[in-house]
Amino acid sequence: MNIVVLVKQVPDTYSERKLDASDGRLDRDATDAVLDEINERAVEAALQIKEANGGSEVTVVTMGPDRATEAIRKALSMGADKAVHLTDGALAGSDAVSTAKALAKVIGTVDGFDLVLAGNEASDGRGGATPAMVADLLGVPALTHAREITVDGSSVTVRRETDDGVTVLTAELPAVVSVGEKINEPRYPSFKGIMAAKKKPVTTLSLADAGIDAGEVGSAGALSSVTSAQPKPPKSAGEKVIDEGDGGQKIAAFLVSQKLI
Amino acid sequence: MAEVLVLVDHVEGEVKKSTFELLTAARSLGEPSAVVVGAPGTAQKLSAALAANGAEKIYVAETDRTDFLTPQVDVLAALVGSASPTAVLVSASADGKEIAGRLAVRTGSAWLNDVIGVAGGDGVSATHSVFGGAFIAEAKSNTEHPVITLRPGAVDVEATAGAGTEQQVEVPAASGRGATVQSTEPIVGGDRPELTEASVVVSGGRGVGSADDFAVVEGLADALGAAVGASRAAVDSGYYPHQFQVGQTGKTVSPQLYIALGISGAIQHRAGMQTSKTIIAVNKDAEAPIFEIADFGVVGDLFQVAPQLKEEVAKRKG
Ligand SMILES: Cc1cc2nc3c(=O)[nH]c(=O)nc-3n(C[C@H](O)[C@H](O)[C@@H](O)COP(=O)(O)OP(=O)(O)OC[C@H]3O[C@@H](n4cnc5c(N)ncnc54)[C@H](O)[C@@H]3O)c2cc1C
Ligand SMILES: Cc1cc2nc3c(=O)[nH]c(=O)nc-3n(C[C@H](O)[C@H](O)[C@H](O)COP(=O)(O)OP(=O)(O)OC[C@H]3O[C@@H](n4cnc5c(N)ncnc54)[C@H](O)[C@@H]3O)c2cc1C
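Residues numbered from 1 in each chain as written. Chains lettered and ligands numbered in written order. Predicted model: local features only at pLDDT ≥ 70, side-chain atom pairs only at ≥ 80, totals over all residues. Heavy atoms only, no water.

## Some details on the overall build of chain B
Operational definition: For helices the rule is a DSSP run of H or I covering at least 4 residues; for strands it is a run of E covering at least 2, with both sets numbered from the N terminus onward. Note on method: radius of gyration uses C-alpha positions; expected globular size equals 2.2 Å times residues raised to 0.38. We call a residue buried when its accessible area falls under 20% of the maximum for its residue type, exposed when it is over 50%, and partly exposed in between, using a 1.4 Å probe and counting protein chains only. We call two residues contacting when some pair of their heavy atoms lies within 4.5 Å. The protein chains shown are the only cover counted for residues, whose accessible areas, like all others here, come from Shrake-Rupley with a 1.4 Å probe.
A count of helices and strands for chain B gives eight helices and 17 strands. Here chain B has a C-alpha radius of gyration of 22 Å; the compact-globule value for 318 residues is 20 Å, and the two agree. Considering only C-alpha atoms, chain B reaches an extent of 65 × 40 × 40 Å along its principal axes. The buried share of chain B, reckoned over its 318 residues, is 56%. For chain B, contacts bridging at least 24 residues in sequence account for 65% of all contacts bridging at least 6. Roughly 12,300 Å² of accessible area belongs to chain B as shown, and the carbon and sulfur atoms make up 48% of that amount.

## Notes on the site of ligand 2
Heads up, the rule is: Near, as used in this document, describes a residue that has one of its heavy atoms within 4 Å of the molecule or strand being considered. The term polar contact refers here to a pair of N or O atoms within 3.5 Å; inside protein, the definition further demands a hydrogen-donor-capable atom paired with an acceptor-capable atom, and it admits residues adjacent in sequence only when both atoms are side-chain atoms. Residue type decides the class: Asp, Glu, Lys and Arg count as charged, Ala, Val, Leu, Ile, Met, Phe, Trp, Tyr, Cys and Pro as nonpolar, and the leftover types, Gly among them, as polar.
Close to ligand 2 lie 27 residues; B:R206, B:S231, B:T249, B:S264 and B:N283 are nearest. More than one chain lines the surroundings of ligand 2; the residues nearby belong to chains A and B. At 2.5 Å from an oxygen atom of ligand 2 is found a side-chain nitrogen or oxygen belonging to B:S231. In this structure, an oxygen atom belonging to ligand 2 sits 2.7 Å away from a side-chain N or O atom of B:N283. Here ligand 2, which alone exposes 990 Å², has 82% of that area covered by the protein. Among the secondary structure elements, those contributing two or more residues to the shell around ligand 2 are helix 6 (232–236), helix 7 (267–270) and helix 8 (302–317) of chain B. Of the residues in the shell around ligand 2, the class split is seven nonpolar, 15 polar and five charged.

## A word on the site of ligand 1
Ligand 1 sits among 30 residues. The nearest are A:L6, A:K8, A:A122, A:T130 and B:W111. More than a single chain frames ligand 1: its nearby residues are located in chains A and B. Contact distances for ligand 1 include 3.2 Å between an oxygen atom and a backbone N or O atom of A:A129. Across the complex, the protein chains shield 90% of the 940 Å² of accessible surface that ligand 1 would expose by itself. Listing elements by their share of the shell around ligand 1, those giving two or more residues are helix 1 (37–52), strand 4 (57–63), helix 3 (96–108), strand 6 (115–119) and helix 4 (130–138) of chain A together with strand 7 (111–119) and strand 8 (125–130) of chain B. For the shell around ligand 1, the residue count by class is 14 nonpolar, eleven polar and five charged.

## Some thoughts on a nonpolar patch on the surface
Selection rule: Two joining distances apply to patches: 9 Å for like charges and 5 Å for nonpolar side chains (Val, Leu, Ile, Met, Phe, Trp, Tyr), and every residue must have over 30% relative accessible area and no salt bridge. The term salt bridge refers to a side-chain nitrogen of Lys or Arg lying within 4 Å of a carboxyl oxygen of Asp or Glu.
Taken together, the side chains of A:F191, A:I194 and A:M195 present a nonpolar region at the surface, about 310 Å² in accessible area. Considering the arrangement of structural elements, one finds A:F191 in helix 5 (residues 191–197).

## Focus on the domain arrangement of chain B
All names here are of chain B. What counts here: Domain borders in the structure are assigned automatically or taken from a domain database. Computed with a 1.4 Å rolling probe, the buried area is the accessible surface lost when two parts are put together, summed over both parts.
Per the domain assignment, the segments making up chain B are domain 1 (3–168) and domain 2 (195–317). Taking only C-alpha atoms into account, the centre of domain 1 sits 33 Å from that of domain 2. Each partner contributes to the interface: domain 1 provides five residues, whereas domain 2 provides four residues. Interface area lost by domain 1 to domain 2 is led by K17, G132 and P152, which between them contribute 63%. Viewed at the interface, domain 2 and domain 1 are joined by zero salt bridges. The interface formed by domain 1 and domain 2 holds zero residue pairs in polar contact (both at pLDDT 80 or more) in total. The class makeup of the residues in the side of domain 1 that touches domain 2 is two nonpolar, two polar and one charged.

## A few points about the sheet that holds strand 4 of chain A
The line we're drawing: Pairs of strands are assigned from DSSP output, requiring at least two bridges between the strands. Each axis is a line fitted through C-alpha atoms, and for a helix only the stretch in contact is used; angles between axes span 0 to 180 degrees, taken between their N-to-C directions.
Taking strand neighbours across the sheet as the criterion, the ten strands line up as 11(A)-5(A)-4(A)-1(A)-6(A)-10(A)-7(A)-8(A)-9(A)-12(B) in an open arrangement whose pairing is mixed. The sheet terminates laterally at strand 11 (202–205) of chain A together with strand 12 (180–186) of chain B, the two strands that pair on one side only. Averaged over neighbouring strand pairs, the angle between their axes works out to 25° when direction is ignored. Here three bridges tie strand 7 (residues 142–152) of chain A to strand 10 (residues 175–179) of chain A, and the two strands are oriented parallel to one another. Paired with A:A146 across the two strands is A:V179, which belongs to strand 10 of chain A.

## What to know about helix 4 (residues 94–107) of chain B
All names here are of chain B. Going by this rule: To estimate the expected span of a helix, count its residues, drop one, and scale the result by 1.5 Å.
Here helix 4 is 14 residues long and its end C-alpha atoms lie 20 Å apart, about the 20 Å a rise of 1.5 Å per residue gives. Counted residue by residue, helix 4 has eleven buried out of 14 residues, so it is predominantly covered. Residues G96, K97, E98, I99, A100, G101, R102, L103, A104, V105 and T107 constitute the buried set of helix 4.

## A short note on the nonpolar core
Which entries qualify depends on this criterion: Buried residues of nine kinds, namely Ala, Val, Leu, Ile, Met, Phe, Trp, Tyr and Cys, make up a nonpolar core once their side-chain atoms join them within 4.5 Å.
Core analysis: the largest hydrophobic core is formed by 93 residues, its most contacted members being A:V5, A:L86, A:L117, A:L143 and B:V35. Setting aside chain neighbours within four positions, we find B:V35 in contact with B:L5, B:V6, B:L7, B:V8, B:Y59, B:V75, B:L76 and B:L79. Counting residues in each nonpolar core, the second largest holds 33 residues, with A:V241, B:A223, B:A226 and B:I259 among its members.

## What about the environment of A:A118?
Residues and elements named next belong to chain A. If you trace the backbone, A118 turns up in strand 6. For the pair A118 and T144, spaced 26 residues apart in sequence, the C-alpha to C-alpha distance is 8.8 Å. Once residues lying within four places of it in the same chain are set aside, the contact partners of A118 are L6, N39, A42, P131, V177, S178 and V179.

Shown next, in the form of structure tokens:
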């Protein structure tokens, strides 16, 4: 089974995230970057499917700046077999539609994929639609927000869990599956895994290599543009009192003064 | 005036409130046309409510197809072609974002996701609130018929009657390359308001200490008619179910009043609640970062303070 995992490098959420006021883009230099936690879970899911299906191969695909190689290394040290990194200056400023188009093109360069795994939602853009968009472009089914994945021969069944409820979905392979937060606990890379990752193949593709028209991506191909981005003034601290047996009453008095009760 | 397509979100024969918000927002861009996709017999149950909330036209797309979300995408894509709408509005739910994203890919439209407001005039633009409200960004569409998902609760419903003229739409046959729905179990809401829609939220953190002790959080919530939330630490410790997690990897809430009990106020938690109008914090630790954003804070034991507050609230209710 040929499994592709879409991974994204994101700003570490322990650091403060900013939008650049000049172009409304995520200021990626202001923060440390890590492999998104949800993508570690997607890699874990891929490895578990690989382990249950002999002769499988896991390919990690990412689109992002040069330093996204760190995210790739993490996925490889967990146990993925190889990686494809789409990186090109012209990709900067890509919106969701062009990102999905570019990813679909790159997935097409991976020989005979059976299953594409992704996170349900990235922690920076939080679009939550890239996997479905990629599936639509590839003409394959999208089974998203998976809590459980069962691969059985040529079909896949997913227990999809969202705020609105649980849906059991099934489809023939190839298919795109996105995983939710509760799918699994990702493994830590072992020392052996980290050493082995250094020798695993990483193919770097430019737009031209991947056959993508530079006019369709990045700022040039943007279907929408951010016209302004302003930080909201942070909320400042109000009154703080120490409970002397009347803390609850004091809150009640405050709520009354604010007409909240 | 040009049409604005609004995808109707419905469950068990009822229109969801978020759809009325879409109809209200749509009026600032053009004439709202509601699009009902569902099993045969669905539209007749929904039409009256849609018309009462401003739908000028109701497109009825009824089908027995069981492929997941694809009928909605197919129907909207066909209507974008035939009606040339100013925009397509969809609720920013998990399903809505997927439908909208797939539609944008097919129609070559801008995808403006999870917006809190829309504006017409010289093209269509939208307002985003990102990183838990830390930034406000304006974006404009560079294409015709942008596909926009609107965050539930962001727009106040203003009901204005519309003509509600029904028009049947033919639903194309399934392509065979979709996912099939085997079964569905909707989440059964309890008696408390829905977390993301509630005007008051009472949340508990690791400081609550156990699943049993969450009764203190629930007790205060019920006195206030509030929804209950939890920090990730409380969820990970098994005190409260995951669907109630507030924060960057949970729900984003923006109620009139947010009460944090035994929550330290980590940046990832704040990302999900810092746009609340009024924030109250109770924490033993005077240095807890939650106090930095609290309008009123009590340094103390939540097991003392919360029950007392509950009593005060009950007293005032009489
Ligand atoms: C704050 C913010 C708001 C934005 N709003 C919009 C908007 O309204 N409209 C719009 O068109 N664009 C928007 N964008 C840009 C858009 O998010 C990105 O262009 C696009 O990469 C989608 O990413 P996501 O983070 O939304 O992904 P999601 O759809 O949330 O990601 C889900 C999964 O898809 C896969 N994936 C996503 N991106 C990549 C990648 N680059 N490489 C490999 N796998 C990937 C991963 O598996 C990921 O876990 C926004 C970006 C930011 C930072
Ligand atoms: C990628 C990522 C995503 C995350 N997403 C989220 C998210 O969505 N939501 C979220 O909440 N967190 C999230 N976190 C976790 C976050 O970093 C914190 O660990 C978490 O919010 C802490 O929860 P807490 O405040 O309940 O626990 P703690 O930080 O342990 O705080 C407990 C507090 O309770 C107080 N306390 C103890 N006993 C009492 C008492 N009797 N009375 C009063 N006060 C008491 C203590 O003083 C302390 O301040 C995320 C982390 C990461 C890395």
